[in-house]
Amino acid sequence: MAISIKINKTQQSRIDQCDFENIEFGKIFSDHMFKVDFMDGKWQNPQILPYGPILMAPSISALHYGQAIFEGMKAFKNPQGDALLFRPMDNIVRLNESALRMGMPEIPEELFMEGLSTLVSLEKDWIPTKEGSALYLRPFMFATDDFVGVRPSNNYSFIIFCCPVNSYYPKPIKVLVEEKFVRASDGMAGFAKAAGNYGISMLPTMEAKKKGYDQIIWTDGRTHEHVEESGTTNLFFIINDDTVWTPSLDGNILRGVTRDSCIKLLKQRGLKIEERRISVSEVIEAAKSGAMTDCFGTGTAAIIAKIAGIGYKGVDYMLPDSENRVISNWIYKTMYGIQTGNHQDDFNWVVNLK
Ligand code: COI
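Residues numbered from 1 in each chain as written. Predicted model: local features only at pLDDT ≥ 70, side-chain atom pairs only at ≥ 80, totals over all residues. Heavy atoms only, no water.

1. Looking at the layout of surface pockets
Here is step 1: Roughly 980 Å³ of volume is contained in the largest pocket.
Here is step 2: At the level of secondary structure, the elements contributing two or more residues to the lining of the largest pocket comprise β4 (68–70), β7 (134–143), β8 (156–165), α4 (195–199), α5 (202–210), α6 (257–268) and β15 (292–299).
Here is step 3: With 5 residues, the single largest contributor to the lining of the largest pocket is β7.
Here is step 4: Classifying every residue of the lining of the largest pocket gives 24 nonpolar, 14 polar and 7 charged.
Here is step 5: The residues that make up the lining of the largest pocket include at least three from each of domain 1 (6–165) and domain 2 (173–339).
Here is step 6: Taken as a whole, the second largest pocket spans an internal volume of roughly 420 Å³.
Here is step 7: Lining the second largest pocket are 18 residues, and of these Ser-167, Tyr-169, Pro-170, Ile-304 and Tyr-332 lie nearest its centre.
Here is step 8: Put simply, the parts of the chain that give the lining of the second largest pocket at least two residues each are β16 (303–312) and α8 (326–339).
Here is step 9: The leading source of residues in the lining of the second largest pocket is β16, at 4 residues.
Here is step 10: A per-class count over the lining of the second largest pocket returns 8 nonpolar, 6 polar and 4 charged. (1 Å grid on protein atoms, 1.4 Å probe; cavity = no way out; pocket = protein on both sides within 12 Å on 5 of 7 lines; lining within 4 Å. Points joined across faces, edges and corners; volume = space filled by probe spheres on them. Helix = DSSP H or I, 4+ residues; strand = E, 2+ residues; numbered from the N terminus. Nonpolar A, V, L, I, M, F, W, Y, C, P; charged D, E, K, R; others polar. Domains from an automatic or database assignment.)

What follows is the structure, encoded as structure tokens:
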């Protein structure tokens, strides 16, 4: 059945106020957003409306119990000026996996895609084209019942808004191996892109920042002996520029779309991929001995975040000069090239909205 989206356009675009040459991540929002509400057991009233504050009751369980999930996606422009999406179906699947874990309703693929493509087509002029930039898309769903008890809500809203962005990290980051706090353990919701998984990273990250680090590396909840992911990205450790270590999807880490894309591209380049449990001690040993020739985080917002050094038990293990990294430079160029239609898309990842 065709989906009919009501479109209420803004009276006054704000695009002239956006300095596309100097964009700070997450601070500028485009003119419109997509919204659809779940009521009486079904998604209703899909609409595009001007980006702005939303009305909500103070009691909604998204605010009290964290029944809220989100996704991160990006739109790009190719040299012909078409709007491109990168692997949008993977985000829909992951959003619905998160929804299931959090006791929330799934969103039909057709509704998600129709809302997303209508919004991005309308906001096409907001897609920046400077190297490294993109239109960041933030789909999210939250519980909206006006009720204070702990039970799944009957009502939800799903919204997508857009921000023109540059890469999340403007320079290589120094990370600290977290040994006190835990992000997820077996049976928890580590694989879900649930709001609370990020809320609990704030304090440990603040503490790491006070010590001079940019981010933390989460370790497993039981022993703190295995690396999982960083506060904002999945992790890749490159050994002798020919072998890749990346933590396996054990239910406690996010199934990153950029992570999966990197694995496929690195495999295509001929690198040996070891997707498995990775101990902190082998990471530190490889950094110490010089075997670790490269190390980076991957994510939609960060794309490829080079890791300059790893802090562990009071010692900083600095990694090779970030300018001369063979693998991270190549993977960034290839990935961003595919996303922007400047590199051959062998895996059919790009959806052209033309
Ligand atoms: C993304 O990479 O899209 C994310 O959601 C990470 C977020 C912390 C910015």
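Still more to cover.
2. A closer look at α6
Here is step 1: Across its 12 residues, α6 extends 17 Å between first and last C-alpha, which sits within 8% of the 16 Å expected from 1.5 Å per residue.
Here is step 2: Positive phi shows up at Gly-270, right after α6, with a value of about 105°. (Expected span 1.5 Å × (residues − 1).)

3. Notes on the site of the ligand
Here is step 1: The full set of residues close to the ligand is Phe-70, Gly-72, Tyr-136, Arg-138, Tyr-168, Lys-193, Thr-232, Thr-300 and Ala-301.
Here is step 2: Side-chain polar atom of Tyr-136 to an oxygen atom of the ligand: 2.5 Å apart, as the coordinates give it.
Here is step 3: When the ligand sits alone it has 280 Å² of accessible area, and the protein chains cover 90% of it. (Near = heavy atom within 4 Å. Polar contact = N/O pair within 3.5 Å; in protein donor to acceptor, adjacent residues only side chain to side chain. Areas by Shrake-Rupley, 256 points an atom, 1.4 Å probe, with all protein chains shown as cover.)

4. Brief notes about the domain arrangement of the chain
Here is step 1: Domain annotation for the chain reports domain 1 (6–165) and domain 2 (173–339).
Here is step 2: Domain 1 and domain 2 are separated by 27 Å when their C-alpha centres are compared.
Here is step 3: Three residues stand out in domain 1 for area buried against domain 2, namely Phe-70, Phe-86 and Arg-94, and they jointly supply 30% of the buried area on that side.
Here is step 4: Our enumeration of links across domain 1 and domain 2 arrives at 2 salt bridges.
Here is step 5: Measuring nitrogen to oxygen at the nearest pair gives 2.8 Å for the salt bridge that ties Arg-87 to Asp-260. (Buried area = accessible area lost by both parts, 1.4 Å probe. Salt bridge = Lys/Arg side-chain N within 4 Å of Asp/Glu carboxyl O.)

5. Overview of the pattern of salt bridges
Here is step 1: Tallying each qualifying case throughout the model produces 19 salt bridges.
Here is step 2: Residue Glu-24 pairs with Lys-27 through a salt bridge whose shortest N-O separation is 3.1 Å.
Here is step 3: Assessed through its relative accessible area of 48%, Glu-24 is described here as partly exposed.
Here is step 4: A salt bridge links Glu-229 to Arg-183, with the nearest nitrogen and oxygen atoms 3.3 Å apart. Residue Glu-229 is found in strand β11 (residues 227–230), and its partner Arg-183 is found in the loop between β9 (173–177) and α4; the two are separated by 46 residues along the sequence. Arg-183 carries the same exposure label as Glu-229, and that label is buried.
Here is step 5: A single salt-bridge network, built from bridges that share partners, covers Arg-87, Asp-90, Asp-260 and Lys-264. (Buried < 20%, exposed > 50% of the residue type's maximum accessible area, 1.4 Å probe, protein only.)

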